[in-house]
Structures are given as structure tokens and as C-alpha cells.
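Coordinates in review
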Amino acid sequence: MRSSPPRWIHWLLTRLHPEETLEEVEGDLDELYTYWYDRAGKTEATLRYLLNAISVLPPFVRRRERNKEYYQTPSTLHPVMIRNYLKIAFRNLLLNKGYSAINIAGLAIGMIGCLSIGLFVLDEWKFDKTIPDGETIYRIYAERTKDNTTTKAAVVAPAYASFLQQHYPEIDTTARLLMAPDRFLVETDSQKNYEDKGWFVESSFLAVFNLPLEKGTVSGILDVPKTIVLTSELAQKYFGREDPVGKTIKINTTDYTIKGVLAPLPDHFHLDFHFLMSFSSAGIPASRMEKWTWSQFYTYVKVKPGTDIAQLQAKFQTYVKDNIIKPGDTVVLPFFQRLYDVHLESADFTFDNAIRGNESYVNALMIVALFVLVIACFNFINLATAVSFRRAREIGVRKVVGAGRKQLVFQFLGETILVSLLAMVIAVVALFIIVPALNQFTGKIMAFNPFTDPQLGLQLLGATLLVGLLAGSYPAIIVSGFQPVQVLKNTRFSLNGTSWFRQALVVVQFALSSLLIISTLVVYRQTQYMNHKELGFSKEQLVYFQARGQVAGKGLEAFKAELKRSPNVLSVTSGYGLPGDQFAGDGVTLPGKNAEKEYSVSMFIGDPDYIKTLGLQLIAGRDFSKDMSTDEQEAFIINETAVREFGFSSPQKALGQRINWHEWEPADTTDPIKRGKVVGVVRDFHYKSLHEKVTATVIHMVPQELFKVAVKVRESDIQQTLAYINTVWSRFSPDFPLDYTFMDETYGKMYSTEEKLSELLWLFAMLAITVGCMGLFGLAAFSVEQRVKEIGIRKVLGASVLAIIGLLSRNFIMLVALAFVMATPVGWWAMSRWLSNFPYRIAMDWWIFALAGLMAVGIALLTVSFQSIKAALMNPIKSLRSE
């Protein structure tokens with residue numbers, strides 16, 4: 001049955017528009033009423049019909065076609081509609097300046113955090129991706145398993161490469177690099193400088209990585225002893241525009257012939273070097289290159305296309321297990337690591353020369369950035385739904401005059417995207433300022449310019465739209481769902497139905513913020529712990545340097561004696577291996593106690609002053625003595641871990657036990673074994689970073705292997721003491737400038753990654769708290785605005801200022817407290833897993849969580865209190881009058 005409007009409306013229209021007769025318009029009015037009746041029901045149809053008819057219908061009733069033009073809904077994405085959306089969006093931003101500023105600033109902060117970390121993460125993912133045939137290149141590393149503990153080492157034995165090349169047809173090419181961490185003195189006729197990152201490499205190294213030359217020929221370029229290849233940067237530094245090929249350059253006073261100049265290294269190459277010396281220049285005996293237990297080499301293999309690397313690895317491991325590892329030995333197995341994984345998946349490797357990242361830290365930073373962006377989006381959702389009551393009547397009228405829900409959704413999404421676009425503009429401008437500082441902090445060279453990089457510009461635009469849609473979808477759906485009759489009938493429209501959702505968002509926001517605070521406190525405490533833990537020796541005021549020239553030869557003892565003449569020099573020692581520096585990994589045997597078993601040890605070589613200079617703590621036995629002529633040939637000092645691993649019941653019981661060591665360069669080739677006994681036991685000392693567990697350690701004296709000098713100086717007059725050391729050095733070794741390092745600085749660099757992570761977490765925790773508090777501030781302002789009349793009445797009835805503040809703050813503080821309770825178990829689990837990567841770590845004390853909770857609740861209370869105090873101090877007469 002056709003629906004007709006009430007007759008009283010017809011009568012009202014003839015009075016409002018006397019120039020039109022009822023008969024002329026009745027047909028069109030009936031049709032229009034039916035259109036709305038079928039869509040929305042009688043009540044809404046009557047209201048829509050009346051407003052339409054009174055305001056716009058009469059001028060169009062004479063032509064039916066124009067009536068249809070009016071009440072047919074135009075396209076949502078019509079250009080006219082889009083223009084109207086933008087106008088309304090700008091007007092609403094200006095009308096609600098405070099809330100708009102909070103939303104834009106919050107989203108901008110979230111975007112800045114995401115973009116900053118996004119640049120860093122993308123840069124980390126780029127490593128080695130430009131190497132030709134990179135998918136066929138692998139690095140061999142070793143996993144050492146002992147007492148259910150596994151450690152990974154980037155260096156392996158020299159025999160690995162030769163055996164793989166000879167016995168496995170899947171191998172195309174192998175390349176070995178000799179681990180050489182020392183700095184080299186580089187000389188030309190006009191310059192003399194110390195340079196680091198010089199390696200001994202096989203000629204095949206250039207072929208494996210397909211490194212082109214600017215000058216020279218790749219084939220056989222490093223096959224001849226005393227030949228060298230320079231990087232383009234080093235060639236420019238020493239020879240300018242001259243062609244250096246064929247010229248001579250001195251490396252540690254030895255002449256090397258320059259055979260080539262490399263083209264600039266590939267971007268994001270995990271290896272960073274300044275020059276490459278021929279492998280034969282290292283002077284390693286051929287017999288030593290066949291060793292399976294001397295782990296000193298970085299080894300790369302290039303396999304043939306189609307090789308099943310898992311199968312190849314399994315075959316090689318089987319051979320090592322069956323033929324190399326003896327019963328009772330530490331299990332050391334080779335593994336193949338993809339070239340693309342070297343940078344990010346080698347953080348826990350020992351003796352690595354690669355530019356290393358940390359996949360766990362990269363993933364953690366991505367999660368942190370996502371936290372900040374999610375908090376910012378939740379802010380927008382919260383405030384948008386909270387303040388939408390102000391636009392309730394606008395929505396009601398729009399629906400009455402014909403706006404469909406789809407139009408309203410698009411309108412509000414358009415407003416959100418506009419806010420997101422403004423936030424992105426702010427973020428992009430901020431990134432131009434931040435990126436140089438970020439590069440300095442990370443040591444990277446990251447570029448950010450969306451105007452010259454169309455792909456980056458499109459990505460930013462896509463991110464803007466995505467954030468706008470995600471943040472605006474819920475408010476748009478809620479607002480577009482308002483019932484116009486309910487809205488226009490009530491003088492004050494309420495959003496109580498969405499209050500639970502807003503409260504849930506507040507809880508999630510502060511749960512994420514609390515989680516960041518907990519993580520930050522734990523990382524900070526662990527970093528402080530590593531920097532200040534007692535290491536078992538004294539690293540302060542300890543200067544060390546490589547023995548060169550006459551200091552490395554017969555003049556060493558005279559040089560040390562001359563240094564001791566200064567009252568500011570407390571002690572001097574020389575040796576091979578110092579804490580925080582290079583040391584040897586080797587093996588010893590225990591005659592009469594499973595004599596065939598070789599025990600892997602960290603080996604340090606020193607002189608009679610070694611223990612005293614380093615401040616090692618003797619817990620049993622004695623130190624080396626100059627008065628004991630047999631100490632040089634027979635005395636060994638071990639640490640507590642060696643006592644346990646060697647099976648000695650106590651440090652005292654270890655004294656006098658026999659130890660055999662296979663000499664590196666035996667004076668007597670017929671009997672190359674050093675046979676001695678334990679004369680002392682020292683407390684375990686951390687000669688590596690606290691990322692690695694202390695292993696069995698042996699210290700003994702081998703005069704021909706003393707390559708480093710360490711000097712303990714007084715804390716006062718350090719500069720004067722260094723000048724004296726330099727003067728003495730110049731007399732003994734005039735060809736080599738003194739190149740010294742402070743040991744405490746070396747240890748400080750070991751934890752730079754954790755320190756940077758701690759700083760980043762502090763920054764992002766503060767960002768998260770700031771964004772969360774901005775939203776909380778806006779919600780508190782909205783709550784106060786909604787309860788102005790209630791506050792006025794309470795004050796009139798005698799409520800105190802503190803009571804009002806408590807009333808307005810209580811709900812927010814309870815939400816933040818709930819958020820902290822939710823974050824605590826997650827934080828405990830996450831940080832316990834992170835700490836499990838450290839063999840020496842802090843305890844997860846209860847006060848860390850208590851402090852994090854107090855910080856979260858305290859910051860929230862300060863944020864809410866501003867609005868609460870402002871409302872509590874307001875004149876109640878003014879509040880009630882405003883109603």
C-alpha cells in the first residue's frame with residue numbers, strides 16, 4: 001500500500017507557500033514521502049519530508065525531473081562532494097583547535113618514530129644484497145658444544161677450505177682470510193700512518209665476491225708474496241691522482257708491490273677493509289695450513305647453482321665427527337651461513353670481523369616503533385569518539401536532509417586522512433632534521449628525501465592513507481550510526497555506549513607504555529652492570545700497545561726497564577694476549593689423566609710481571625718468579641674454570657698437576673712439547689666481554705711470543721706519563737710512532753650496542769608516554785567538559801577541591817594501574833628472555849616493576865591533575881550559569 005504523508009503537513013505547506021496549490025504538489029510530495037518511508041520508517045520519513053518540503057521542495061515541484069535530481073543521492077566520490085568533505089574537515093579542525101592539535105601532534109610523533117626506525121631497519125636489511133650471485137655464497141663458521149653450552153665462532157681451521165675444495169664437487173670456489181686485528185704502519189715517500197683493516201687473503205677472495213678493479217688485473221693478482229691491493233680511498237690518500245700500480249708501499253717497514261686498486265666496495269658490504277695482502281705474505285708454514293684445530297681463518301665458499309646446502313653441510317659434519325673429533329674432545333662442528341644472513345645473524349659470534357647488526361634488536365626496535373604508532377592511533381580514536389557528541393546534531397540534520405551513511409563514513413574518513421596527511425607533513429619535515437643526527441648516532445649513511453625518490457614518496461603517501469583509514473574507521477562507523485530522531489530530540493547527546501571502548505584503548509595505550517618503561521629500566525640496569533662489574537683484574541690506567549721495531553726484539557727488556565725508571569709507571573709487562581685484546585685459542589693435555597684428550601683453552605703468554613701488572617688475583621700457589629729459572633720452561637698458571645674442567649677437586653689440589661702444550665715454534669723439533677706443572681691458580685677474569693662466558697684459561701711464559709706491552713700508570717699526571725713513554729719508545733723504535741690504547745676504553749666499546757639500545761628505548765619510552773599523556777589530557781578535558789554542571793553542584797553542596805580532584809582523576813588512575821598490571825607479566829617474560837642471552841646478568845628484582853608502575857601512574861596523575869585542578873577551582877556559579 002502506498003504511504004501518504006499526514007494531511008496536516010499538506011495544510012501547513014499551502015499556508016507556507018500560498019502561490020502553489022495543494023493539487024499541484026500533492027503527487028510529488030507523496031512520492032518523496034514514500035521514498036523516505038521505505039528507507040527509514042514513518043517517524044524519520046515524516047521529519048525528513050517536512051524539512052525537505054519546507055526548505056527546498058516548492059521551487060522544484062512544477063518539474064518532476066528536477067524533483068528526482070534533488071532526492072536522488074549524488075555520488076559519494078563526486079568532485080563536488082570531495083570538495084565539501086575537505087571544507088567541512090578544515091572547519092572542524094579549526095573549530096576544535098585543542099583536540100586537533102593533540103591528534104595531529106600525536107600522529108606526527110608516532111610517524112616520526114616509525115619513519116626513523118624504518119630507515120634504520122631498511123638499511124640493515126640491505127646488507128650484501130648487491131653482491132652478484134650472493135645466493136650461492138656461504139661463510140663457514142664453527143659451533144663449539146661443551147657441557148650443554150654452545151658457542152659460535154666466525155673463525156675456523158685452515159683445513160676446512162682445502163678439504164671442501166678437494167672432496168666436494170658442489171664447491172665452486174673457496175677463499176680464506178687470515179684474522180689480523182692489529183694496525184699496520186703504512187709508509188710511502190711522503191706519508192707515514194697507522195692503518196687498520198688490512199687483511200691477508202687468498203687471490204680467490206676477489207672472485208668469490210666479484211670485486212672489480214679500477215686498476216690492475218684480477219687473475220692471479222695476489223698469488224705472489226709481498227703483493228698488495230688497495231681500496232680506491234686508500235690509493236687516493238697516499239698517491240692522489242697517480243696510478244699506484246707497480247709502485248712500492250711499506251707495510252710495517254716491509255716492501256709490498258701494489259698490484260691493483262679496487263673499485264669502490266659494494267654498498268652495504270659486510271666486510272670493510274682498506275687493503276688486501278697476498279696470503280703467502282703471512283709466512284704460515286704449509287704444514288700448519290693443514291691443521292684442523294687452529295681456528296684463525298674466515299672462510300667463504302661459493303657453491304655451484306642448484307646445490308643442496310643442507311645436504312652438503314650434513315656430509316661435511318659427518319666427516320668431521322668421524323675423522324677429526326676424538327672421543328672426549330669438545331665437539332666443534334662446521335656450519336654454512338648464507339651471505340645474506342651474515343650481517344644480522346652473527347651478533348653472538350666470537351672473533352668476527354664483519355660489520356655486524358643484531359636481528360633481535362632490529363625486531364625489538366620495529367615492535368617499539370609500532371607501539372608508539374599504535375598509541376598515537378588509539379589517541380585519535382579515543383578523542384574522535386569522545387568529541388563526536390559535539391557533532392551529533394550536525395549528523396542528525398545531515399541524515400534528515402538526505403545524507404546516507406556511506407557519505408558520512410567517507411566524510412569522516414576524509415577528515416582522518418587529512419589529519420594523517422598534516423601529521424605526515426610534520427613528520428617528513430622533522431625527518432630532514434633528525435636523519436643527520438640519526439646517522440651520527442648509528443654510524444650509518446642513510447638518505448631521506450621523498451622529493452627525489454618517487455618510490456619513497458609513494459610509500460609515505462600509502463602509509464598516510466593506511467594510518468588515516470586505520471585510525472578513522474571506528475570513529476567514522478560510530479558517528480555515522482547516530483540515530484537522527486534520538487539526536488535531535490535530546491538536548492544533550494551521550495556516548496556512554498562507547499565509553500567502555502575508550503577506556504579499553506586507554507588501558508592498551510598505557511600497557512604498551514608501561515612495557516616500554518620496564519624494558520628500558522632492565523636494559524639500562526644490564527648495561528650499567530656490564531660496565532661496572534668486577535672483572536677479576538684492574539683495567540684502569542692500563543695502557544697497552546704492540547711491540548714494534550727494536551721493542552719487539554732484543555731491546556724489549558731494556559725498554560721495559562727504562563719505563564720503570566719513571567715514578568709514574570707502576571708496573572710493566574709484555575706478552576701475547578691481553579684482556580679485551582687478541583689472545584690465542586689452543587689446546588693442552590694432562591699426562592696420566594686421559595692423556596689422549598685435548599682440552600680447549602684460552603691461552604695467554606706473559607712475563608714475570610704479567611699477573612702483577614694486570615692485577616689478577618691469585619687464590620692458590622704463586623706467581624711467576626724471575627728467581628725460578630725453571631718457570632720459563634715448566635710453570636703454568638690456570639684459572640678457576642680450568643680447575644673444574646681439568647677435573648681437579650680444588651685450586652690447592654691443582655698445584656703441581658702436570659700440563660703438556662704443543663709449542664707453536666719449538667726450539668727442539670725432535671720434542672716439540674712443553675712439559676710443565678701448575679704453580680698457581682688465579683680467580684676467573686673476564687678477558688672477553690660479558691656476552692661470553694669465561695672459559696678454561698692457561699697463562700705461561702714463552703719469551704719469543706711477546707708481542708704486546710702493557711703499562712700500569714698512576715692516575716695523576718697521565719699526560720706527562722704518556723709523554724715519557726713516547727719519548728722512551730722513540731729512542732728504541734724510531735721507525736714506528738707509538739700507537740697506544742687504554743684498556744678501559746676497549747672494554748667500554750664492547751657494550752656500545754647495549755648502550756645505544758638503552759638510549760633508544762629511553763627515547764621511545766618517553767615518546768610513548770608523551771603521546772599517551774596527550775591523549776589522556778584530551779580525554780580529561782572532555783570528561784571535565786561533560787561534568788561541568790555536576791562539579792558546580794558538588795561545590796555548592798560543600799565538596800572540597802581535593803574531593804573534586806579525586807572524583808575526576810580516580811577513573812583514569814585506575815585504568816593506568818590496570819594497564820600496568822597487564823604489562824608486568826609480559827614485561828617479565830620478554831626481558832627474562834632477553835637477559836637469557838647474557839651469561840652474566842642482573843636479577844629481575846621486584847623494585848624494577850614497582851618503579852615502572854610508579855612512573856606510569858605518577859605521569860598519568862600529573863597529566864590528569866591539571867584538568868582536574870582547573871575544574872575544581874572553577875567558580876560554581878559560572879558553571880551552573882553556563883548550563
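Figured I'd write up the structure that's included with this text. Each chain carries its own residue numbering, running from 1 in the direction its sequence is written. In keeping with the predicted nature of the model, local features appear solely for residues at pLDDT of at least 70, side-chain atom pairs appear and are counted solely at 80 or more, and the whole-chain, interface and lining totals rest on all residues. The side-chain numbers reported here are obtained from all heavy atoms of the structure, hydrogens and water having been left aside.

1. Looking at the nonpolar core
Note the cut-off: Only buried Ala, Val, Leu, Ile, Met, Phe, Trp, Tyr and Cys residues count toward a nonpolar core, and they belong to the same one when joined by side-chain atoms within 4.5 Å. To sort residues, take the accessible area from a 1.4 Å probe on protein chains only and compare it with the maximum for the residue type: under 20% means buried, over 50% means exposed, and anything in between is partly exposed. A run of H or I in DSSP counts as a helix once it spans at least four residues, and a run of E counts as a strand once it spans at least two, with each numbered from the N terminus. When checking whether two residues touch, look at their non-hydrogen atoms; a contact exists if any pair is within 4.5 Å.
Counting residues in hydrophobic clusters, the biggest one holds 116 residues, and the most contacted among them are L616, I699 and W834. Counting residues per element, this core draws most heavily on helix α11 (residues 359-387), which supplies 14 residues. Apart from residues lying up to four places away in sequence, L616 is in contact with G536, F537, Y610, I611, V682, F685 and I699. Core analysis: the next-biggest nonpolar cluster, separate from the first, contains 48 residues, Y138, L164, L213 and V301 among them.

2. Section: the environment of F732
Assignment of secondary structure puts F732 in helix α22 (residues 718-732). Along the primary structure F732 and A558 are separated by 174 residues, whereas in three dimensions their C-alpha atoms are 9.0 Å apart. If near-sequence neighbours (up to four positions away) are discounted, F732 is found in contact with Q550, V551, G555, A558, F559 and E562.

3. Some words on the packing of aromatic side chains
Where we set the bar: Only Phe, Tyr and Trp rings are paired, with Trp represented by its six-membered ring, and only when their centres lie within 6.5 Å; those with planes under 30 degrees apart are stacked, over 60 edge-to-face, the remainder tilted. Any Lys NZ or Arg CZ found within 6 Å of a ring centre and within 35 degrees of that ring's normal is scored as a charge over the ring.
As enumerated under the stated definition, the model contains 42 aromatic pairs in all. Each ring, one from W292 and one from F316, has its centre 6.5 Å from the other, and the planes form 50 degrees; the classification is tilted. Taken as a pair, W292 in the loop between β11 (275-278) and β12 (297-303) and F316 in helix α10 (residues 309-323) lie far apart in primary sequence, 24 residues in all. The class for W292 is partly exposed, based on a relative accessible area of 21%. The class for F316 is buried, based on a relative accessible area of 0%. Residues F537 and F685 carry aromatic rings whose centres are separated by 6.4 Å and whose planes lie at 80 degrees to one another, so their mutual orientation is edge-to-face. Placement of the pair is F537 in the loop between α16 (499-532) and β15 (542-546) and F685 in the loop between β22 (673-682) and β23 (697-700), with a sequence separation of 148 residues. In this structure, F537 and F685 share a single accessibility class: buried. Pairwise contacts between aromatic rings join F351, F537, F583, F604, F685, Y687 and Y747 into one cluster. Above the plane of the ring of W294 lies R288, whose end atom (NZ or CZ) is 4.0 Å from the centre. We note K674 situated over the ring of F636; from NZ or CZ to the ring centre the distance is 5.1 Å.

4. Brief notes about the pairing of β11
What counts here: In this analysis, strands are considered paired if DSSP registers two or more bridges between them.
Two strands pair when backbone bridges link them, and strand β6 (residues 198-201) and β11 are joined in this way by 4 bridges, in the parallel orientation. When the sheet's bridge partners are listed, V201 is paired in β11 with S278. Pairing geometry for strand β8 (residues 227-231) and β11, over 3 bridges, is antiparallel. Looking at β11, one finds that L230 is bridged to F275.

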